[in-house]
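So the chains spell out like this:
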Amino acid sequence: MDLKNDATYRRNEITAEQVESIKKDINQFRVVYDTYFDSIFRFLYRRSDNEALASELSSNTFLKALENIKKYEYRGVPFSSWLYRIAANELNKFYRKNSKVQVFSIEEERIREVVHDDLGEDIEQMIDSLKMYLEELKDEELNILELRFYEGLEFTEIAYVLEKKESAVKMRLYRSLEKLRKKFKSKESK
Amino acid sequence: MRRHDIKIRRESLGQTRIEKHKDFGGLMKVHERRQMRKLLVRNMLTLMAVLFLIALVIYGSIKLKSAREEPVEDKPQVFIEQTIDYPDGILR
(Lines give C-alpha, C1' and ligand atoms only; values in the text may rest on other atoms or scores of the structure.)
Protein backbone atom coordinates (compact mmCIF):
# COMPACT_ATOMS: atom_id res chain seq x y z
CA MET A 1 0.00 0.00 0.00
CA ASP A 2 1.23 3.45 -0.77
CA LEU A 3 -0.33 6.68 0.33
CA LYS A 4 -0.13 9.78 -1.77
CA ASN A 5 0.10 13.20 -0.25
CA ASP A 6 -2.69 14.85 -2.19
CA ALA A 7 -5.08 16.36 0.31
CA THR A 8 -8.23 17.41 -1.46
CA TYR A 9 -9.00 20.26 0.84
CA ARG A 10 -5.80 22.24 0.36
CA ARG A 11 -6.28 25.66 1.90
CA ASN A 12 -5.72 29.18 0.68
CA GLU A 13 -3.51 30.81 3.24
CA ILE A 14 -3.87 34.35 4.49
CA THR A 15 -0.70 36.41 4.53
CA ALA A 16 1.23 37.74 7.52
CA GLU A 17 0.25 41.29 6.41
CA GLN A 18 -3.42 40.33 6.51
CA VAL A 19 -2.97 38.96 10.03
CA GLU A 20 -1.34 42.22 11.09
CA SER A 21 -4.24 44.22 9.70
CA ILE A 22 -6.74 41.89 11.48
CA LYS A 23 -4.89 42.55 14.72
CA LYS A 24 -5.59 46.26 14.23
CA ASP A 25 -9.22 45.81 13.23
CA ILE A 26 -10.89 42.74 14.71
CA ASN A 27 -13.89 43.10 12.38
CA GLN A 28 -11.65 41.85 9.60
CA PHE A 29 -11.58 38.47 11.34
CA ARG A 30 -14.27 37.39 8.89
CA VAL A 31 -11.45 36.73 6.38
CA VAL A 32 -9.99 34.11 8.75
CA TYR A 33 -13.41 32.60 9.39
CA ASP A 34 -14.34 32.38 5.72
CA THR A 35 -10.96 31.04 4.67
CA TYR A 36 -10.52 28.33 7.28
CA PHE A 37 -13.95 27.34 8.56
CA ASP A 38 -14.34 24.46 6.10
CA SER A 39 -10.99 22.84 6.76
CA ILE A 40 -11.24 23.22 10.54
CA PHE A 41 -14.80 21.89 10.56
CA ARG A 42 -13.83 18.90 8.40
CA PHE A 43 -10.85 18.20 10.66
CA LEU A 44 -13.00 18.29 13.79
CA TYR A 45 -15.76 16.26 12.18
CA ARG A 46 -13.25 13.63 11.12
CA ARG A 47 -11.97 13.47 14.69
CA SER A 48 -15.37 13.38 16.39
CA ASP A 49 -17.76 11.81 13.87
CA ASN A 50 -20.43 14.08 15.27
CA GLU A 51 -21.70 17.10 13.37
CA ALA A 52 -23.06 18.96 16.41
CA LEU A 53 -19.86 18.41 18.36
CA ALA A 54 -17.71 19.45 15.39
CA SER A 55 -19.79 22.61 15.12
CA GLU A 56 -19.38 23.41 18.81
CA LEU A 57 -15.65 22.74 18.76
CA SER A 58 -15.25 24.84 15.60
CA SER A 59 -16.99 27.75 17.33
CA ASN A 60 -14.70 27.35 20.34
CA THR A 61 -11.66 27.22 18.07
CA PHE A 62 -12.54 30.42 16.23
CA LEU A 63 -13.54 32.14 19.46
CA LYS A 64 -10.15 31.31 20.98
CA ALA A 65 -8.44 32.51 17.81
CA LEU A 66 -10.46 35.74 17.92
CA GLU A 67 -9.52 36.35 21.53
CA ASN A 68 -5.84 35.56 21.06
CA ILE A 69 -5.07 36.83 17.58
CA LYS A 70 -3.30 39.86 19.05
CA LYS A 71 -0.79 37.49 20.66
CA TYR A 72 -0.21 35.57 17.41
CA GLU A 73 3.35 35.64 16.13
CA TYR A 74 4.53 34.32 12.81
CA ARG A 75 6.74 31.26 13.43
CA GLY A 76 7.54 30.22 9.89
CA VAL A 77 4.42 28.08 9.44
CA PRO A 78 1.17 29.05 7.71
CA PHE A 79 -1.54 30.71 9.77
CA SER A 80 -3.76 27.63 9.41
CA SER A 81 -1.32 25.63 11.57
CA TRP A 82 -2.09 27.94 14.45
CA LEU A 83 -5.80 27.23 13.99
CA TYR A 84 -5.20 23.48 13.71
CA ARG A 85 -3.23 23.66 16.94
CA ILE A 86 -6.10 25.40 18.74
CA ALA A 87 -8.59 22.90 17.26
CA ALA A 88 -6.43 19.92 18.30
CA ASN A 89 -6.21 21.34 21.82
CA GLU A 90 -9.97 21.81 21.95
CA LEU A 91 -10.45 18.20 20.87
CA ASN A 92 -8.00 16.89 23.46
CA LYS A 93 -9.71 18.98 26.11
CA PHE A 94 -13.08 17.53 25.14
CA TYR A 95 -11.87 13.92 25.19
CA ARG A 96 -10.02 14.40 28.47
CA LYS A 97 -13.01 16.07 30.13
CA ASN A 98 -15.51 13.47 28.97
CA SER A 99 -13.10 10.51 29.17
CA LYS A 100 -14.31 9.18 25.83
CA VAL A 101 -12.49 7.05 23.30
CA GLN A 102 -11.02 9.17 20.50
CA VAL A 103 -12.70 8.77 17.14
CA PHE A 104 -11.07 8.93 13.74
CA SER A 105 -13.63 8.83 11.01
CA ILE A 106 -12.38 8.45 7.49
CA GLU A 107 -14.35 8.90 4.32
CA GLU A 108 -14.28 5.78 2.18
CA GLU A 109 -14.07 8.04 -0.83
CA ARG A 110 -10.82 9.54 0.50
CA ILE A 111 -9.30 6.11 1.08
CA ARG A 112 -10.04 5.24 -2.51
CA GLU A 113 -8.35 8.49 -3.56
CA VAL A 114 -5.15 7.99 -1.58
CA VAL A 115 -4.65 4.29 -2.11
CA HIS A 116 -3.15 2.94 -5.31
CA ASP A 117 -5.49 0.90 -7.42
CA ASP A 118 -2.97 -1.88 -8.10
CA LEU A 119 -3.61 -3.61 -4.83
CA GLY A 120 -4.67 -6.83 -6.38
CA GLU A 121 -7.35 -7.36 -3.83
CA ASP A 122 -10.87 -6.32 -3.28
CA ILE A 123 -11.07 -2.68 -2.16
CA GLU A 124 -13.78 -3.45 0.39
CA GLN A 125 -11.60 -6.10 1.95
CA MET A 126 -8.65 -3.72 1.90
CA ILE A 127 -10.70 -1.02 3.69
CA ASP A 128 -11.66 -3.49 6.40
CA SER A 129 -8.02 -4.51 6.86
CA LEU A 130 -6.90 -0.87 6.91
CA LYS A 131 -9.47 -0.09 9.59
CA MET A 132 -8.22 -2.97 11.68
CA TYR A 133 -4.56 -1.99 11.24
CA LEU A 134 -5.22 1.67 11.97
CA GLU A 135 -6.90 0.71 15.22
CA GLU A 136 -3.68 -0.94 16.29
CA LEU A 137 -1.67 2.26 15.84
CA LYS A 138 -1.01 4.66 18.68
CA ASP A 139 -3.06 7.86 18.94
CA GLU A 140 -0.07 10.00 18.10
CA GLU A 141 0.78 7.95 15.01
CA LEU A 142 -2.78 8.20 13.83
CA ASN A 143 -2.78 11.95 14.46
CA ILE A 144 0.30 12.37 12.31
CA LEU A 145 -1.09 10.18 9.51
CA GLU A 146 -4.34 12.12 9.55
CA LEU A 147 -2.68 15.54 9.49
CA ARG A 148 -0.31 14.49 6.74
CA PHE A 149 -2.59 12.61 4.38
CA TYR A 150 -6.02 14.04 5.08
CA GLU A 151 -5.26 17.63 5.98
CA GLY A 152 -2.25 17.77 3.67
CA LEU A 153 0.01 19.48 6.22
CA GLU A 154 3.78 19.72 5.78
CA PHE A 155 6.07 18.15 8.39
CA THR A 156 6.92 21.58 9.86
CA GLU A 157 3.22 22.32 10.22
CA ILE A 158 2.47 18.96 11.87
CA ALA A 159 5.36 19.52 14.27
CA TYR A 160 3.92 22.94 15.15
CA VAL A 161 0.37 21.59 15.60
CA LEU A 162 1.43 18.69 17.80
CA GLU A 163 4.18 20.67 19.55
CA LYS A 164 6.86 18.14 18.56
CA LYS A 165 10.15 18.24 16.72
CA GLU A 166 9.99 17.93 12.95
CA SER A 167 12.45 15.04 12.94
CA ALA A 168 10.34 13.18 15.52
CA VAL A 169 7.22 13.67 13.39
CA LYS A 170 9.01 12.35 10.27
CA MET A 171 10.32 9.34 12.15
CA ARG A 172 6.92 8.52 13.62
CA LEU A 173 5.23 8.81 10.26
CA TYR A 174 7.70 6.56 8.51
CA ARG A 175 7.51 4.03 11.32
CA SER A 176 3.73 3.91 11.25
CA LEU A 177 3.70 3.61 7.45
CA GLU A 178 6.22 0.81 7.73
CA LYS A 179 4.01 -0.93 10.29
CA LEU A 180 1.04 -0.71 7.95
CA ARG A 181 3.10 -1.87 4.99
CA LYS A 182 4.36 -4.92 6.92
CA LYS A 183 0.87 -5.81 8.05
CA PHE A 184 -0.45 -5.65 4.50
CA LYS A 185 2.49 -7.68 3.22
CA SER A 186 2.07 -10.38 5.84
CA LYS A 187 -1.61 -10.53 4.99
CA GLU A 188 -0.78 -10.92 1.30
CA SER A 189 1.68 -13.74 1.97
CA LYS A 190 -0.85 -15.72 3.97
CA MET B 1 -6.50 -1.43 25.53
CA ARG B 2 -7.93 0.29 22.47
CA ARG B 3 -7.56 4.05 22.70
CA HIS B 4 -9.33 5.07 19.55
CA ASP B 5 -12.14 4.06 17.33
CA ILE B 6 -11.81 4.05 13.54
CA LYS B 7 -14.96 4.71 11.61
CA ILE B 8 -15.30 4.47 7.88
CA ARG B 9 -17.88 6.86 6.48
CA ARG B 10 -19.62 5.90 3.30
CA GLU B 11 -20.51 9.47 2.44
CA SER B 12 -18.37 12.56 2.73
CA LEU B 13 -19.50 15.78 4.31
CA GLY B 14 -21.15 18.04 1.74
CA GLN B 15 -20.49 21.75 1.42
CA THR B 16 -24.13 22.67 2.17
CA ARG B 17 -23.99 20.76 5.45
CA ILE B 18 -20.86 22.66 6.46
CA GLU B 19 -22.42 25.98 5.48
CA LYS B 20 -25.27 25.26 7.91
CA HIS B 21 -22.81 25.50 10.81
CA LYS B 22 -21.22 28.76 9.71
CA ASP B 23 -22.30 31.68 11.85
CA PHE B 24 -19.86 34.53 11.94
CA GLY B 25 -22.44 36.95 13.38
CA GLY B 26 -23.09 34.61 16.30
CA LEU B 27 -19.38 34.22 16.91
CA MET B 28 -18.87 37.99 17.02
CA LYS B 29 -21.82 38.37 19.42
CA VAL B 30 -20.36 35.78 21.80
CA HIS B 31 -16.99 37.51 21.54
CA GLU B 32 -18.51 40.92 22.30
CA ARG B 33 -20.44 39.48 25.26
CA ARG B 34 -17.26 37.91 26.62
CA GLN B 35 -15.35 41.14 26.13
CA MET B 36 -18.08 43.05 27.97
CA ARG B 37 -17.96 40.56 30.83
CA LYS B 38 -14.18 40.84 31.00
CA LEU B 39 -14.42 44.64 30.99
CA LEU B 40 -17.07 44.54 33.71
CA VAL B 41 -14.94 42.27 35.91
CA ARG B 42 -11.90 44.47 35.31
CA ASN B 43 -13.87 47.61 36.17
CA MET B 44 -15.28 45.97 39.30
CA LEU B 45 -11.80 44.97 40.43
CA THR B 46 -10.47 48.49 39.76
CA LEU B 47 -13.39 50.00 41.68
CA MET B 48 -12.80 47.64 44.60
CA ALA B 49 -9.10 48.50 44.63
CA VAL B 50 -9.86 52.23 44.56
CA LEU B 51 -12.45 51.86 47.34
CA PHE B 52 -9.97 49.89 49.41
CA LEU B 53 -7.33 52.59 48.95
CA ILE B 54 -9.81 55.34 49.86
CA ALA B 55 -10.86 53.38 52.97
CA LEU B 56 -7.22 52.95 53.90
CA VAL B 57 -6.54 56.69 53.52
CA ILE B 58 -9.65 57.59 55.56
CA TYR B 59 -8.73 55.12 58.27
CA GLY B 60 -5.18 56.46 58.39
CA SER B 61 -6.26 60.07 58.61
CA ILE B 62 -8.80 59.30 61.37
CA LYS B 63 -6.14 57.48 63.29
CA LEU B 64 -3.74 60.39 62.84
CA LYS B 65 -6.34 62.93 63.85
CA SER B 66 -7.30 61.07 67.01
CA ALA B 67 -3.65 60.65 67.88
CA ARG B 68 -3.16 64.41 67.55
CA GLU B 69 -6.22 65.27 69.62
CA GLU B 70 -5.28 62.99 72.47
CA PRO B 71 -3.67 65.05 75.34
CA VAL B 72 -0.04 64.31 75.83
CA GLU B 73 0.43 62.94 79.28
CA ASP B 74 3.56 63.82 81.17
CA LYS B 75 5.41 60.75 81.69
CA PRO B 76 6.69 60.49 85.27
CA GLN B 77 10.43 60.43 85.39
CA VAL B 78 11.70 57.29 86.81
CA PHE B 79 14.85 57.46 88.83
CA ILE B 80 16.62 54.34 89.40
CA GLU B 81 18.39 54.41 92.67
CA GLN B 82 21.69 52.78 92.45
CA THR B 83 23.48 51.67 95.47
CA ILE B 84 27.13 51.29 95.13
CA ASP B 85 28.89 49.19 97.56
CA TYR B 86 32.23 50.66 98.23
CA PRO B 87 34.82 48.48 99.70
CA ASP B 88 35.68 49.26 103.23
CA GLY B 89 38.33 51.86 103.78
CA ILE B 90 37.54 53.97 100.75
CA LEU B 91 36.25 57.40 101.43
CA ARG B 92 32.81 58.14 100.39
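Before reading on, note that the structure itself is shown above.
Residues numbered from 1 in each chain as written. Chains lettered and ligands numbered in written order. Predicted model: local features only at pLDDT ≥ 70, side-chain atom pairs only at ≥ 80, totals over all residues. Heavy atoms only, no water.

J.: How would you explain the overall build of chain B if you had to name every residue and give the values?
T.: The helix and strand inventory of chain B stands at 2 helices and 1 strand. Listing the helices and strands of chain B from first to last along the sequence gives β-α-α. Among the 92 residues that make up chain B, the fraction classed as buried is 12%. With an accessible surface of roughly 8,900 Å², chain B has 60% of that area assigned to carbon and sulfur atoms. (Helix = DSSP H or I, 4+ residues; strand = E, 2+ residues; numbered from the N terminus. Buried < 20%, exposed > 50% of the residue type's maximum accessible area, 1.4 Å probe, protein only. Areas by Shrake-Rupley, 256 points an atom, 1.4 Å probe, with all protein chains shown as cover.)

J.: Please provide a residue-by-residue account of the side chain of Asp139 of chain A, values included.
T.: Along the chain, Asp139 of chain A turns up in helix α7 (residues 139–149). A polar atom in the side chain of Asp139 of chain A sits 2.4 Å from the side chain of His4 of chain B. (Polar contact = N/O pair within 3.5 Å; in protein donor to acceptor, adjacent residues only side chain to side chain.)

J.: With reference to specific residues and values, describe the interface of chain A and chain B.
T.: Taken together, the contact pairs 39 residues of chain A with 26 residues of chain B. Taken together, the two surfaces of chain A and chain B that pack against each other cover about 3,400 Å², and 56% of this comes from carbon and sulfur. Run the count over chain A and chain B and you get 6 salt bridges. The residue Asp38 of chain A makes a salt bridge to Lys22 of chain B at a minimum N-O spacing of 3.8 Å. Our count for the contact surface shared by chain A and chain B stands at 21 residue pairs in polar contact (both at pLDDT 80 or more). Looking at the side of chain A that touches chain B, the elements with two or more residues in it are α2 (30–48), α3 (51–68), β1 (102–107), α5 (108–114), α6 (123–136) and α7 of chain A. The element best represented in the side of chain A that touches chain B is α2 of chain A, accounting for 9 residues. Its residues assigned to classes, the side of chain A that touches chain B comprises 18 nonpolar, 5 polar and 16 charged. Across 6 bridges, β1 of chain A lies against strand β1 (residues 4–9) of chain B in parallel orientation. (Contact = heavy atoms within 4.5 Å. Buried area = accessible area lost by both parts, 1.4 Å probe. Salt bridge = Lys/Arg side-chain N within 4 Å of Asp/Glu carboxyl O. Nonpolar A, V, L, I, M, F, W, Y, C, P; charged D, E, K, R; others polar. Pairing = 2+ DSSP bridges.)

J.: Any chance you could break down helix α2 (residues 24–69) of chain B for me, citing the residues and the numbers?
T.: With 46 residues, α2 of chain B should cover 68 Å at 1.5 Å per step; its first-to-last C-alpha distance of 67 Å lies within 8% of that length. For α2 of chain B, every residue scored as buried is listed here: Phe24, Gly26, Leu27, Met28 and His31 of chain B. Where α2 of chain B is buried, its residues meet α2 and α3 of chain A. (Expected span 1.5 Å × (residues − 1).)

J.: For the packing of aromatic side chains, give the residues involved together with the corresponding values.
T.: The final tally for this structure, using the stated rule, is 14 aromatic pairs over all chains. With centroids separated by 5.1 Å and ring planes inclined at 65 degrees, the aromatic side chains of Tyr33 of chain A and Phe62 of chain A adopt a geometry described as edge-to-face. Taken together, the residues span a long stretch of sequence, with Tyr33 of chain A in helix α2 and Phe62 of chain A in helix α3 at a distance of 29 residues. Neither residue differs from the other here; Tyr33 of chain A and Phe62 of chain A are each classed as buried. Seen in terms of ring centroids, Phe43 of chain A and Tyr84 of chain A are 5.2 Å apart; in terms of plane orientation they differ by 80 degrees. Their pairing is edge-to-face. Here Tyr84 of chain A lies in helix α4 (residues 79–98) and Phe43 of chain A lies in helix α2, a separation of 41 residues in the sequence. On the basis of relative accessibility, which here comes to 1%, the residue Tyr84 of chain A falls in the buried class. Taken together, the ring pairs connect Tyr33, Phe37, Phe41, Tyr45 and Phe62 of chain A together with Phe24 of chain B into an aromatic cluster. It is Arg85 of chain A that lies over the ring of Tyr160 of chain A; its NZ or CZ is 4.4 Å from the centre. Above the ring of Phe155 of chain A, the side-chain terminus of Arg148 of chain A is found at 4.2 Å from the ring centroid. (Phe/Tyr/Trp six-rings, centres within 6.5 Å; stacked < 30°, edge-to-face > 60°. Lys NZ or Arg CZ within 6 Å of the ring centre and 35° of its normal.)

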